[in-house]
Amino acid sequence: MFISLPVSGHVNPQLNLCKELSQRDVTLIYYTFEQYFHKFDSMDGVDLRKYPDEFYHYYNKLAADEKLQSQFMNLLYVFYTFTEKLLPFMMKEVEREKPDLIICDTLAIWGKIAARYFHIPYVYFVSSFMGDKIMMKETPAFTLSLVKSAAVSIPYIMKFNSIIKRLEKQYGKVVDKPWSIMEPEGKFTMVVTSREFHPGGNKYPPNVKFVGPAFVDRETLTEKKDTIFISLGTICFSHTYWDICIDASKDLGYQVVVSFGGNRNNKVNEVNLPDHVTIYENLSLEEYRNVLKRSVLFISHGGFNSITDSILYETPLIICPGHAEQASNGRVVEADGCGRLFMANTKEFQKENLKALILQVINDKNVKKNLSRYRRSFLESPGFKKVVDELNEEFQLF
């Protein structure tokens, strides 16, 4: 049984694991929103189950609240309130199915609670950086951002502490505390990056498996890069971001491609746009990667999958984060010398400043060297076939 956090940034990295499991002698039940079912069309042996419709509507309501995305502690409240909404459904599902093993997205707290309550073996799937004690020691800026978030998010801290108390009263001491959500706790843990790219990667014990990227393209990189790619992902939106990015990049001699990620809230002033600026409401994964591989720069929101794909294609990054987790990702990208973090919600986010940064990143030879090094670490990672073999060795699944 695989219990996911039903957002594209978490579902997409899990597809190749599901595909590998579906090719083995095992029945896989996967929980997500119905809108993601089509991603599994090429797989036999995956029993897709949808989360309740009322949770789907509740999720969309919270996802549209920008205030809840801006701080880590606010996001923790979101995960705990999701858990309280979903637990009655999840407990019934687990009790009925009695799985031999539960794979939990680390942020799907409801899955971990159900596994512990029914004493079912469980493992973790991490769709981003770990965010645990080791990473906090390695990235002081990340730790500082948590402290700052706590200082301004006291009402949300009180709210999620109340949820924890209610859940513990009903189910016992099986609920993650905020500081333990991302801890591997000695469990078999799959992380979709390389050990070298992850902060403090060499300090993790053997139970933490750095699988490598969820998607790997081993084809020779294109030598002709003629595009600046601008995208904010599927959730984030802004009324000024796009115009500033286009104005900053349109006169630098490159094609400019903008993707809204399917978010209809985004708007661009299309009056007098030059022919070499192309705007898409959305791009398929294949189309998005085809643009990225020919891009000399990617101006991104800082989603983990976007960062990973950029490194695979050795495309430098400017991270303009939409929420707290993306800002943390951007700090890692900057620390690893693969690009720069530029906060879009500050007074400094102006055309001339961004234009200067674009030219600086594109011409930085050290960025190119670092991208090449981390791409190599991605290609040398073990991959899902090996990790499924190890999963079977530990749990005798097939």
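Only a predicted model underlies this, so the values are computations on that prediction, with no experimental measurement involved.

Asker: Looking at this structure, I do not really get the overall build of the protein chain. What am I missing?
Answerer: Scanning the protein chain for helices and strands turns up 15 helices and 13 strands. Relative to the compact-globule value of 21 Å for 398 residues, the protein chain shows a C-alpha radius of gyration of 21 Å, a close match. Taken along the three principal axes of its C-alpha coordinates, the protein chain extends 60 × 45 × 40 Å. The proportion of buried residues among the 398 residues of the protein chain is 56%. Of the contacts made within the protein chain by residues no fewer than 6 positions apart, 65% connect residues no fewer than 24 positions apart.

Asker: Please clarify how the pairing of strand β8 (residues 227–231) should be interpreted in this entry.
Answerer: Within a regular beta strand, the side chains point alternately toward one face of the sheet and then the other, so they alternate between its two faces. The buried fraction of β8 is high, at five of five residues. Here β8 shows a buried face lined by Thr227, Phe229 and Ser231 and a second buried face lined by Ile228 and Ile230. In the sheet, β8 pairs with strand β11 (residues 295–300) via five bridges, with the strands oriented parallel. Of the residues in β11, the one forming a bridge with Phe229 is Phe298.

Asker: What am I meant to see in the pattern of salt bridges here?
Answerer: Inspection of the entire model under this criterion finds 26 salt bridges. Here Arg24 makes a salt bridge to Asp389, at a shortest N to O gap of 2.8 Å. Here Arg24 is found in the loop between α1 (8–22) and β2 (28–32), whereas its partner Asp389 is found in helix α15 (residues 383–395), with 365 residues between them in sequence. Looking at Asp389, the relative accessible area reads 27%, which means it is partly exposed. In this structure, Glu93 engages Arg96 in a salt bridge whose closest nitrogen and oxygen atoms are separated by 2.9 Å. Taken together, the positions of Glu93 and Arg96, both in helix α4 (residues 72–97) and three residues apart, correspond to about one turn of that helix. Glu93 gets classed as buried once you look at its relative accessible area, which sits at 9%. Overlapping salt bridges bring together Asp47, Arg49, Glu93, Arg96 and Glu97 as one network.

Asker: Help me understand the side chain of Ser381 in this model?
Answerer: Mapped onto the secondary structure, Ser381 falls in the loop between α14 (365–379) and α15. Every residue in contact with Ser381, bar those within four places of it in the chain, is listed here: Ser194, Phe210, Val211 and Gly212.

Asker: Explain the nonpolar core to me, please; I cannot follow it from the model alone.
Answerer: What tends to happen in soluble globular proteins is that the nonpolar side chains get buried as a cluster. Judged by nonpolar contacts, the single largest core of 109 residues is most densely connected at Ile3, Leu17, Tyr51, Ile102, Trp110 and Met190. Of the residues forming this core, the biggest block, 14 residues, is contributed by α4. Once residues lying within four places of it in the same chain are set aside, the contact partners of Ile102 are Met1, Ile3, Val94, Ala115, Ile120, Pro121, Tyr122 and Val123. Membership of the second largest hydrophobic core comes to 27 residues, among which are Trp242, Val256, Val296 and Phe342.

Asker: Quick question: what am I supposed to make of the environment of Thr227 here?
Answerer: Among the structural elements, Thr227 can be located in strand β8. Counting along the chain gives 29 residues from Thr227 to Val256, while the straight-line C-alpha distance between them is 5.6 Å. Beyond its immediate chain neighbours, meaning those up to four positions away, Thr227 contacts Tyr254, Gln255, Val257, Val291, Arg294, Ser295, Val296 and Leu297.

Asker: I tried to follow the sheet that holds strand β9 (residues 255–259) on my own but got confused; where do I start?
Answerer: Strand pairing in a sheet is mediated by backbone hydrogen bonds. Such pairs are either parallel or antiparallel. Strand order in the open sheet made by the six strands is β10-β9-β8-β11-β12-β13, with parallel pairing throughout. Each edge of the sheet is formed by a strand with only one pairing partner; in this case those strands are β10 (277–280) and β13 (339–341). Ignoring strand direction, the axes of neighbouring strands in this sheet form an average angle of 15°. Against the sheet, helix α12 (residues 324–335) touches β12 (317–319) and β13, its axis set at about 140° to β13.

Asker: Would you mind going over the confidence of the model for the protein chain with me for this structure?
Answerer: Note: predicted coordinates in regions of low pLDDT should not be interpreted at a detailed level. The share of residues in the protein chain with pLDDT of 70 or more is 95%, and the mean pLDDT across the chain is 90. Per-element confidence in the protein chain is highest for strand β1 (residues 2–3), whose mean pLDDT is 98, and lowest for helix α3 (residues 66–69), whose mean pLDDT is 66.

Asker: So what exactly am I meant to see when it comes to the packing of aromatic side chains here?
Answerer: Aromatic ring pairs are defined here through the distance separating the ring centres and the angle between the ring planes. Within the structure shown, the criterion is met by 33 aromatic pairs. Their ring planes at 75° and their centres at 6.3 Å tell us that Tyr51 and Phe89 sit as a pair that is edge-to-face. In this pair, Tyr51 sits in the loop between β3 (46–50) and α2 (53–63) while Phe89 sits in helix α4, placing the two residues 38 residues apart along the sequence. Residue Tyr51 is classed as buried on the basis of its relative accessible area of 1%. The residue whose ring lies beneath Lys85 is Tyr58, and the NZ or CZ to ring-centre distance is 4.6 Å. The aromatic ring of Tyr374 is capped on one face by Arg373, whose charged end is 4.5 Å from the ring centroid.

Asker: Can you help me understand unusual backbone geometry in this one?
Answerer: Only a minority of non-glycine residues have a phi that is not negative, and only a minority of peptide bonds are not trans. Positive phi outside glycine occurs at His119, with the angle close to 55°. Secondary-structure assignment places His119 in the loop between α5 (109–117) and β5 (122–126). Looking at His119, the relative accessible area reads 71%, which means it is exposed. Phi is positive for Glu314, close to 50°, though the residue is something other than glycine. Mapped onto the secondary structure, Glu314 falls in the loop between α11 (304–312) and β12. Residue classification places Glu314 among the partly exposed residues on the basis of a relative accessible area of 25%.

Asker: How should I be thinking about helix α9 (residues 241–249) in this particular structure?
Answerer: One turn of the α-helix equals 3.6 residues, which is why residues spaced by three or four share an orientation. Within α9, seven of the nine residues are buried, which leaves the element mostly enclosed by the surrounding structure. Three or more residues of α9 are buried, namely Tyr241, Trp242, Ile244, Cys245, Ile246, Ala248 and Ser249. For α9, the secondary structure elements touched by its buried residues are β8, β9, β10, β11 and α13 (351–362).

Cut-offs used in this document
Residues take numbers from 1 onward in each chain, read along the sequence in its written order. Predicted model: local features are reported for residues with pLDDT of at least 70 only, side-chain atom pairs are reported and counted for 80 or more only, and whole-chain, interface and lining totals are derived from all residues. To get the side-chain values, take all heavy atoms of the structure and skip hydrogens and water. Helix and strand definitions follow DSSP, with helices as H or I runs of at least four residues and strands as E runs of at least two, each counted in order from the N terminus. Two things to know: the radius of gyration comes from C-alpha atoms, and the globule rule equals 2.2 Å times the number of residues to the power 0.38. Note on exposure labels: buried denotes an accessible area under 20% of the residue type's maximum, exposed denotes more than 50%, and partly exposed covers the range between, all computed with a 1.4 Å probe on protein chains only. Any two residues whose heavy atoms approach within 4.5 Å are treated as being in contact. Paired strands are those between which DSSP finds at least two bridges. Salt bridges, as used here, are contacts in which a Lys or Arg side-chain nitrogen is within 4 Å of a carboxyl oxygen on Asp or Glu. Only buried Ala, Val, Leu, Ile, Met, Phe, Trp, Tyr and Cys residues count toward a nonpolar core, and they belong to the same one when joined by side-chain atoms within 4.5 Å. Every axis corresponds to a line fitted to the C-alpha atoms, with the helix fit spanning only the stretch in contact, and the corresponding angles, defined between N-to-C directions, vary from 0 to 180 degrees. Per-residue confidence from the predictor is reported as pLDDT, a score between 0 and 100. Any pair of Phe, Tyr and Trp rings, taking the six-membered ring for Trp, is counted once the centres come within 6.5 Å. Such a pair is stacked with planes under 30 degrees apart, edge-to-face with planes over 60 apart, and tilted for the rest. Whether a charge sits over a ring depends on NZ of Lys or CZ of Arg being within 6 Å of the ring centre and within 35 degrees of the ring normal.

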